[in-house]
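Structure at a glance
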Amino acid sequence: MPNANPLVVLSTFPDAETAARIARMLVDEQLAACVNLLPPVRSIYRWQGSVCDEVETMAVIKTTAE
């Protein structure tokens, strides 16, 4: 890949089906060269004043800054 600005984006999705749908769209539309979906991860975070504890699917999105 001749591009000099590779970028790796980490994102989580509520479930594997949603992650796969978005990953396929990113690759189909050439917005990402590759998306790796990892097994469920446990995310603990603060949202709107509460601490949440959720199971999500992690995506590693390989793209460019452009």
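The paragraphs below set out a description of the structure included in this document. (Residues numbered from 1 in each chain as written. Predicted model: local features only at pLDDT ≥ 70, side-chain atom pairs only at ≥ 80, totals over all residues. Heavy atoms only, no water.)

1. Observations regarding the sheet that holds strand β3 (residues 50–64)
Selection rule: When DSSP finds at least two bridges between two strands, those strands are taken to pair. Under the DSSP-based scheme used, a helix requires at least four consecutive residues in state H or I and a strand at least two consecutive residues in state E, with every element numbered from the N terminus. Angles shown run from 0 to 180 degrees and are taken between the N-to-C directions of axes, each axis being a line fitted to C-alpha atoms and, for helices, limited to the stretch in contact. Here a residue-residue contact requires only that any non-hydrogen atoms of the pair lie within 4.5 Å.
Spatial ordering of the open sheet is given by β1-β3-β2, a layout of three strands whose pairing is antiparallel. A single partner strand is all that each edge strand has here, and the edge strands are β1 (6–13) and β2 (34–47). The sheet shows a mean angle of 30° between the axes of neighbouring strands, direction not considered. The pairing of β1 with β3 spans eight bridges and is classified as antiparallel. Each bridged residue has a counterpart across the sheet, and for L7 the counterpart in β3 is T63. Those strands touched by helix α1 (residues 16–28) are β1, β2 and β3, and its axis lies near 130° from that of β2.

2. Some remarks on the nonpolar core
As a reminder, the rule being used: In plain words, nonpolar cores are sets of buried Ala, Val, Leu, Ile, Met, Phe, Trp, Tyr and Cys residues tied together by side-chain atoms within 4.5 Å. Think of it in three bands: with a 1.4 Å probe and only protein chains considered, a residue is buried below 20% of the maximum accessible area for its type, exposed above 50%, and partly exposed in between.
With eight residues, the main nonpolar core is built from F13, A19, A23, L26, A32, V35, A59 and I61. Looking at this core, the elements that each hand over two or more residues are α1 and β3. By residue number, the principal contributor to this core is α1, which donates three residues. Among all residues touching V35, those that are not within four sequence positions of it are A23, L26, V27, A59, V60 and I61.

3. Side note on the pattern of salt bridges
For the record, the criterion: Take a side-chain nitrogen of Lys or Arg and a carboxyl oxygen of Asp or Glu: if they are within 4 Å of each other, that pair is a salt bridge.
Throughout the structure, instances matching the rule amount to one salt bridge. When the shortest N-O distance is used, the salt bridge between R42 and D53 registers 2.5 Å. Taken as a pair, R42 in strand β2 and D53 in strand β3 lie far apart in primary sequence, 11 residues in all. You can call R42 exposed: its relative accessible area is 62%.

Nothing here speaks to function; it is all geometry.
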